[in-house]
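Now for the letters of each chain:
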Amino acid sequence: MAEDKKPIVGVIMGSQSDLTVMQEAAEILEELGVPCEVTIVSAHRTPHRMISYAEEARKRGLKVIIAGAGGAAHLPGMVASITTLPVIGVPVKSRNSIDGWDSILSILQMPGGIPVATVALDGGKNAGILAAEIVSTFDDKVANALQAYKDKLKSTVEDSATKLEN
Ligand code: RP5
């Protein structure tokens, strides 16, 4: 693997069933030129794997971790309790969730000292953009890609407004 392709963002999720949402984070990271890795790490079913992942993440060169989970969504908070890397939490509205509120509150309501930057329910895409924004603080290429992305959003809205007005 080429040095510049080494993953710097880790995208992890509690279950294969979270993949559709979490794939959106990986896709936007790829679009913005941020190398990422994607894997499944369950806080409840593979707790030792979760601890190793969080303990090794910084040593392996990751700069940000995006962690998604649903229901009793302990993965983002537990990973944040182990690593000093920034952790972005994605609440996933899983099959048996209570309208997603269980996922949201499990990830959002962290105790003092252990922050998780929580995005919206099923907010995989925004989690990817936020991770890229963190990376852009030390990578100008990513900063430029983000600027181009935001310029495109702006012109899409302006084009729609122009069409509506004329
Ligand atoms: C959580 O439980 C996972 O993050 C997932 O959102 C939810 C349901 O998991 P499965 O039963 O679909 O594997 O740990």
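Definitions and cut-offs
Residues numbered from 1 in each chain as written. Predicted model: local features only at pLDDT ≥ 70, side-chain atom pairs only at ≥ 80, totals over all residues. UniProt positions renumbered as here; feature names shortened; annotations may be inferred. Near = placed C-beta within 6 Å. Nonpolar A, V, L, I, M, F, W, Y, C, P; charged D, E, K, R; others polar. Axes fitted to C-alpha atoms, helices over the stretch in contact; angles between N-to-C directions. Helix = DSSP H or I, 4+ residues; strand = E, 2+ residues; numbered from the N terminus. Parallel < 35°, antiparallel > 145°, perpendicular 65-115°, else oblique. Left-handed = near helix turned anticlockwise from the far one by under 90°. Contact = placed C-beta atoms within 7 Å.

- The name an unreviewed UniProt entry gives the protein is N5-carboxyaminoimidazole ribonucleotide mutase, with Imperialibacter roseus as the organism.
- Its UniProt record, at the heading Catalytic activity (unreviewed entry), says of the protein: "5-carboxyamino-1-(5-phospho-D-ribosyl)imidazole + H(+) = 5-amino-1-(5-phospho-D-ribosyl)imidazole-4-carboxylate".
- Per its UniProt entry, the protein bears the Pathway (unreviewed entry) comment "Purine metabolism; IMP biosynthesis via de novo pathway; 5-amino-1-(5-phospho-D-ribosyl)imidazole-4-carboxylate from 5-amino-1-(5-phospho-D-ribosyl)imidazole (N5-CAIR route): step 2/2."

Brief notes about the site of the ligand
(1) Moving on: Taken together, 13 residues surround the ligand, and among them Gly14, Ser15, Ser17, Gly70 and Ser94 come closest.
(2) Moving on: The class makeup of the residues in the shell around the ligand is three nonpolar, eight polar and two charged.

Quick look at the packing of helix H2 (residues 47-56) against helix H3 (residues 75-82)
(1) Moving on: For the pair H2 and H3, the least separation of the axes is 8 Å and the interaxial angle reads 50°. By the criterion of interaxial angle, the relationship of H2 to H3 is oblique. Crossing angle aside, the handedness with which H2 passes H3 is right-handed. Residues Met50, Ile51, Ala54 and Glu55 of H2 lie in contact with H3, whose contacting residues are Leu75, Met78, Val79 and Ile82.
(2) Moving on: Of the residues belonging to the contact of H2 with H3, the class tally is seven nonpolar, no polar and one charged.

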